[in-house]
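Understanding the architecture of this molecule
Here is what each chain is made of, one letter per residue.
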Amino acid sequence: MRLGVRHVRAGLHAGRGFVRKLGAHGSALPVLVLLAMACGGSGGGRVEAPTAPPTPPAPAPPPPPPAPTPASVEIESPVQDAVFLRGEVITFALKAPPASPTAQIEWQSDRDGQLGKGAPLAVQNLSPVSHQVVVLANGVPQDTVQFTVQERSSWNLQLLGSAAPGGGDLWVEGDLVFVAGPMSIGSTQQGLHIFDIANPTAPQALAFYEADDVRPVSVAASGTVIYVAGRSSGSAGFVNTVGVRILDVTDPANPEVLADIESITEVFNVFVRDGFLYAANTESNTEGAIHVFDVSDPRDPKEVAEIRSPLGGRAFNLSVVGVRLYGVFLGENLVPTNLLVADVSNPAAPIVLGAVDVQGFFVSAWPTGDGRFVLTPSGNTVLVWDVANPMDMRIAATHRSFPGPSLVDVVMRGNEAYVTSASNGVEVIDLSDPLQPRMIAFYDPRLTFVSTDVGLTDAGLVVALFNREMHILAPQF
């Protein structure tokens, strides 16, 4: 017997009626049997096959494995609670290298910020306070160490003598020191101090030349001829009319005026070399030049050339070593600063060899003895520029000085750079290897003095100028 679909449906209707008739007294078994027959049970019934379900989507690929966590590293040195003296070299090292050879190791101080990368790492100029240093691997903190750097006011520079007052700029010529600055601390009278330091333990004040009509801010000397630069002072309501005054100090107690240069009037710095005077003059907030004068006859100075930066800016400072001039030019808001290198083998026809925009601020520049590198103090870092190709000057090395306000001035003798800081005195940097500069001495009176300039004597002494005093120092290295 074959039951079609219509028969099954009819049976289902009959079954429902049958169930209703049986009510609570009957059984639903006939209906169940009928259902079984309709579904192909023992009675052999058949229905149309149901539609096959859709194929499930392929499973998503597993997520990539997580980046490996940097292997834990531990600090070997310095040891916990170690004590160092200011200026002492501190070596940061690990007990074992990280498991991953590509791990980036960094060291950070809670007081001085980032100290450097790699291990081992030697750091010298940490602030004289307690430090907590953390080592990081790929940016993840791994271990910490605490230690203390104790204060000391000097290292390898011995104070021999001092004299007051200080000033803003100095020039050392033989046993004489010329200081441009106020007559006394707090005085509004500007002029030129002349000191004899033949006995460095007792510097002798020889004279003060009052020059309120020049208001000296810079000084240079050649023998007994002195060049005093001046500029206007907006705060004092003074408008300058003399850019450079030339004095004869054959008798230091009675300086004689030889000539005034009035063609330029806003001179920040002067430098004299081999019968030529170089004066950095500002014409506006954005323009200025280094003017070159023939002073072979100091009574009759003659301008022979001017040097401007191809990057613009106002001339602010310069140095001349050998046949090259190194100039500092400032932007409208002091930055950017650009460093210029010029050939002055013929001062009457200087040739600009190159200039670089440093995108930062510095106020002085001085070359190494061979002229291959130039140092520029910037912030609390000394930048060492490779100027072998002045058309492509690049930073070759950096030296981190003590944290604090900006470094101010630099001058070199041999392989040693003497750098002044507005708040940390004088620092001496060894550049025997210009790519690995290292501090070998410092002097910091810590008497609320502001260091402004530094000079060197033929006898090997250091003259450090502060806003209140001049200190004579003897190297101990």
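Before going into details, it helps to say that this report is about the structure given with it. What you are looking at is a predicted structure, and each value in this text was computed from that prediction instead of being measured.

Read across the sheet, four strands follow the order β11-β12-β13-β14 without closing on themselves; strand pairing throughout is antiparallel. Looking along the sheet, the strands with just one partner apiece sit at the ends: β11 (169-173) and β14 (204-210). Strand-to-strand twist of the sheet, defined as the mean angle between neighbouring strand axes without regard to direction, takes the value 20 degrees. Bridge analysis of strand β12 (residues 176-182) against strand β13 (residues 190-196) gives seven bridges, and the strand direction is antiparallel. Residue pairing in the sheet places G181 in a bridge with G191 of β13.

A few words now on the sheet that holds strand β24 (residues 324-330). Strand order in the open sheet formed by four strands is β23-β24-β25-β26, and the pairing between neighbours is antiparallel. Each having just a single partner strand, β23 (314-321) and β26 (351-357) make up the two edges of the open sheet. Ignoring strand direction, the axes of neighbouring strands in this sheet form an average angle of 20 degrees. Bridge analysis of β23 against β24 gives seven bridges, and the strand direction is antiparallel. In the strand pairing of β24, L318 is matched with G327.

One pass over the structure, following the stated rule, counts eight aromatic pairs. Taking the centre distance of 5.8 Å and the plane angle of 90 degrees together, the rings of F84 and F147 count as edge-to-face. Of this pair, F84 sits in strand β2 (residues 82-85) while F147 sits in strand β8 (residues 140-150), and the two are 63 residues apart along the sequence. Across this residue pair, the class does not change: F84 and F147 are buried. Each ring, one from W171 and one from F271, has its centre 5.4 Å from the other, and the planes form 75 degrees; the classification is edge-to-face. Pair noted here: W171 is in strand β11 and F271 is in strand β19 (residues 267-273), with a separation of 100 residues, a long-range link. Of the aromatic side chains, those joined through ring pairs into one cluster are F84, F92, W107 and F147.

Reading the values: rules and limits
- Residues numbered from 1 in each chain as written.
- Predicted model: local features only at pLDDT ≥ 70, side-chain atom pairs only at ≥ 80, totals over all residues.
- Heavy atoms only, no water.
- Pairing = 2+ DSSP bridges.
- Helix = DSSP H or I, 4+ residues; strand = E, 2+ residues; numbered from the N terminus.
- Axes fitted to C-alpha atoms, helices over the stretch in contact; angles between N-to-C directions.
- Phe/Tyr/Trp six-rings, centres within 6.5 Å; stacked < 30°, edge-to-face > 60°.
- Buried < 20%, exposed > 50% of the residue type's maximum accessible area, 1.4 Å probe, protein only.

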